[in-house]
Amino acid sequence: MTTPISNDDIVTLFNNMAAMLEIKGDTVFKIRAYQRAANTIDQLSWSLATAAVNGEDLKKIPGIGKAISEKVQEYVATGHVVAYDRLAEELPPNVLELLEVPGMGPKTVKAAVDELGIGSVAELEQAALDGRLAQLPRMGKRSAENILRHIHAQRMRSDRTPLGIAAETCAAVTEQLFDACPGLVSLTPAGSLRRWEETIGDLDLIAISENPAETGPALAGLASVRETLVQGDAKTSVVVDPGIQIDLRIGEPDALGAMLQYFTGSQQHNIRLRDYANRQGLSLNEYGITVVDTAVTEKFPDEESFYGRLGLPWIAPELRRGADELDAARNGELPNLITVDDLRGDLHMHSDWSDGKFPLEEMIAAVAAMGYEYMALTDHSQGLGVANGLTPDRLAAQIEILRGLQDRYGMVILCGSEVDIRADGAMDFPDDVLGMLDWVIASVHNAMSQDRETMTNRIVRAMENPHVSMIGHASTRLLGRRDPVDFDIEALLQTARATGTAMEINAAPERLDLKDTHAARARELGVPLVINTDSHHTDSLSNQRYGVAVARRAWCGPQHVLNAYPASEFLGWLRAPKAERAARFDAMVAGARAGSAA
Ligand SMILES: [Zn+2]
Ligand SMILES: [Zn+2]
């Protein structure tokens, strides 16, 4: 499957063309045309490539003329643009790489290339370090230092892998290793993956095997291995596609607890735990717990017995951040964390009526197969009217079909929509259309570069709409690809509480939005959270586990998550006027606590 061309891809293409023309010294008119097109496309809430494929007239869009429209068509049809390739050939290689460094505009890149002969980011870094860069016109010491910082930040970012990709890689390698190693008994991920961090550094795996000697060579021999870094009895390190380092260690069954604990981290958690052990005359290492006085090392087959030896209950890996978890464990105050099995519904997904891949009934059948009590079908609103978002008429038709399917699946099917929050905070459907819906998600899909105040006010205005049930993927970030929008999260969560609006934990692994710290603040403020997959494909319904992990890292129990409540309680909340929802949710949380204590 080829990756579809996104609006971001097209924006990058035109911004690059504008920059290359500027470096070449082309006419301002031409440069501005590409910049204007890039800006326009950046603001669209629908897929330009889809519109192009559907044969729609792109010239209807202000800022897109004949030449630009043809280049979009060419890009979508062939995957590249001849004019772009020609420009790239005329300039020194790596010019684009230099342009991607924040602070390096076209003029600076031109000067760096012409006057300093710089052809790569590594050479730019050197020039920044030895002071040559600062001497360029309009540069100076401060700007050169900033550029150096950006280079380092970029390198840090590219060294870590988004959780979803790391988890998929781990699953694939695990399957291949079990095939290759008949003696393999268990293979357990440790490290940041086991803690469900947003991004993963190296992938740590711990193997228990009846034939330990076969395990390392088997890993090194997998087809996906690019490079073998270390191959020894205790540890094998390789780099697999797509560039993830795997450290595989061989454990002993009777000592697995200490090893798993040690390599799960976090570093900060382990430092605090070590201090805690030291005060009891004990020392920790990857093989066990040593009594300092006698120098005897005790072994532990699992983490429960390891923590137990320290007088602590087992601490879930998601909580091991070196924050308050040790105090909570000691005081018997660890939260009863939500699990995947607690979820009773999924309230954000798309069918092929908008940009999903499956027809309504296939999507609904797949949700029913998850064993849920309720769901909401939430195709996109019409946006700017060109791509596949639903018009009010199509929405009315969809609602009628959904009502007709209501009794077929033994599950409550809510008629919903994911409605754009326009740049000024107005909803993309008028109130009478929103009033037809059971469940309204309000999401930002365009104009993402608004300043903090404008963006905050925009989302606040959406929350104040009496029909808006929940804010979807509030920050709009895409891990490793798109930075979050700028907003005042405290103001948003306070408003969510005051208006009775729920906040989504979007479980799509490239989003994880809200992120853990924001979700924790929502929990503290009594804002109901909803864990949704935002599925565009039936396979994605199982991504709910990534959202559950975010909630667990935010110390959430099932009582904090709306779609962990039985249908009757969730629908009771939803049918109450928004002004009454905060009090109702408080009562639900209190009731759930009393229930679990009984
Ligand atoms: Zn969305
Ligand atoms: Zn969506």
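Student: What is the right way to look at the environment of Leu222 in this model?
Tutor: Of note, Leu222 is situated in the loop between helix 12 (215-220) and strand 5 (225-231). Residue Leu222 is classed as buried on the basis of its relative accessible area, which comes to 10%. Residues Leu222 and Pro317, 95 residues apart in the sequence, show an inter-C-alpha distance of 29 Å. Sequence-distant contacts of Leu222, defined by excluding residues within four places in its chain, comprise Val173, Gln176 and Leu177.

Student: So what exactly am I meant to see when it comes to the nonpolar core here?
Tutor: In summary, soluble globular proteins display a tendency toward joint burial of nonpolar side chains. Ranked by internal contacts, the top residues of the largest apolar core, which has 92 residues, are Met427, Ile471, Met503 and Ile531. The element best represented in this core is helix 10 (residues 163-180), accounting for 6 residues. Residues within four places of Met427 in sequence aside, it is in contact with Val419, Asp420, Ile421, Arg422, Leu434, Val440, Ala442, Ala462, Asn465 and Val468. Judged by nonpolar contacts, the second largest core, of 53 residues, contains Phe14, Tyr34, Ala49 and Leu99.

Student: Please explain helix 24 (residues 567-575) as it appears in this structure.
Tutor: Within an α-helix, residues lying three or four positions from one another point in the same direction, as the helix has 3.6 residues per turn. When we look at burial in helix 24, the residues that qualify are Ala567, Phe570, Leu571, Trp573 and Leu574. For helix 24, the arc enclosing every buried residue in end-on projection is 155°, short of the 170-degree limit, so these residues lie on one face. More than 90 degrees from the buried face of helix 24, the exposed residues found are Ser568 and Arg575.

Student: Hey, could you run me through helix 10 in this one?
Tutor: With 18 residues, helix 10 extends 25 Å from end C-alpha to end C-alpha; this agrees with the ideal 26 Å at 1.5 Å per step. Restricting attention to buried positions, one finds in helix 10 the residues Leu163, Gly164, Ala166, Ala167, Thr169, Cys170, Val173, Thr174 and Leu177.

Student: Honestly, the packing of helix 1 (residues 7-24) against helix 2 (residues 28-43) in this entry has me stumped. Any pointers?
Tutor: For any two helices packed against each other, the geometry is given by the interaxial angle and the distance between the axes. Following both chains from N to C, one finds helix 1 and helix 2 inclined at 160°, their axes separated by 8 Å at the closest point. The angle between helix 1 and helix 2 falls in the class roughly antiparallel. Helix 2 is crossed by helix 1, and the crossing has left-handed handedness. Here helix 1 contributes Asn7, Asp8, Ile10, Val11, Phe14, Asn15, Met17, Ala18, Leu21 and Glu22 to the contact with helix 2, which in turn contributes Lys30, Ile31, Tyr34, Gln35, Ala37, Ala38, Ile41 and Asp42.

Student: Sorry if this is basic, but what is going on with the environment of Trp573 here?
Tutor: Secondary-structure assignment places Trp573 in helix 24. Each C-alpha atom of the pair Trp573 and Ser449 lies 34 Å from the other, and the pair is 124 residues apart in sequence. Setting aside its immediate chain neighbours within four residues, Trp573 contacts Trp439, Ser469, Gly500, Ala502, Pro528, Leu562, Arg581, Arg584, Phe585 and Met588.

Student: Would you take a moment to explain the pairing of strand 5 for this structure?
Tutor: Remark: a regular strand shows side chains that alternate across the two faces of the sheet. Bridge analysis of strand 5 against strand 6 (residues 235-240) gives 5 bridges, and the strand direction is antiparallel. Among the inter-strand pairings, Val225 is bridged to a residue of strand 6, identified as Val240. Count of turn residues in the strand 5/strand 6 antiparallel hairpin: 3 residues.

Student: Is there a simple way to think about the sheet that holds strand 2 (residues 184-189) in this case?
Tutor: Within a sheet, each strand pairs with its neighbour through backbone hydrogen bonds, oriented either parallel or antiparallel. Overall, mixed pairing links the 5 strands, which are arranged 2-4-7-6-5 in an open sheet. In this open sheet, the two edge strands, each paired with only one partner strand, are strand 2 and strand 5. Each strand axis lies, on average, 25° off the axis of its neighbour in the sheet, ignoring direction. Two elements, strand 4 (residues 203-209) and strand 7 (residues 244-250), share 5 bridges in a ladder whose sense is parallel. Its bridge partner being in strand 7, Ile206 is matched across the sheet by Arg249. Those strands touched by helix 10 are strand 2, strand 4, strand 6 and strand 7, and its axis lies near 170° from that of strand 2. Seen against the sheet, helix 13 (residues 256-264) touches strand 2, strand 4 and strand 7 and runs at an angle of roughly 170° to strand 4.

Cut-offs used in this document
- Throughout this description, residue numbers start from 1 for each chain and increase along the sequence as written.
- Think of it this way: whatever chain is written first is A, whatever ligand is written first is 1, and the rest follow in order.
- Only residues with pLDDT of at least 70 get local features here, since the model is predicted, and only at 80 or more are side-chain atom pairs given and counted; chain-wide, interface and lining totals rely on the full set of residues.
- Note: side-chain values were computed over all heavy atoms of the structure, leaving out hydrogens and water.
- Helix and strand assignments come from DSSP, with helices taken as H or I runs of at least 4 residues and strands as E runs of at least 2, each series counted from the N terminus.
- Three labels apply to residues, based on accessible area from a 1.4 Å probe with only protein chains included: buried if under 20% of the type maximum, exposed if over 50%, partly exposed otherwise in between.
- In what follows, a contact means two residues having at least one pair of non-hydrogen atoms within 4.5 Å.
- Here the nonpolar core consists of buried residues drawn from Ala, Val, Leu, Ile, Met, Phe, Trp, Tyr and Cys, with membership extended through side-chain atoms lying within 4.5 Å.
- The arc in question is traced by the directions running from the helix axis to the C-beta atoms.
- By definition here, a helix of n residues has an expected span of 1.5 Å times n minus one.
- Inter-axis angles, ranging from 0 to 180 degrees, are taken between N-to-C directions of lines fitted to C-alpha atoms, where helices are fitted over the stretch in contact.
- Note on terminology: angles under 35 degrees are roughly parallel, angles over 145 are roughly antiparallel, angles of 65 to 115 are roughly perpendicular, and the others are oblique.
- In this scheme, a crossing is called left-handed if the near helix is turned counterclockwise away from the far one by less than a right angle; it is called right-handed if the turn is clockwise.
- DSSP calls a pair of strands paired once it identifies at least 2 bridges connecting them.

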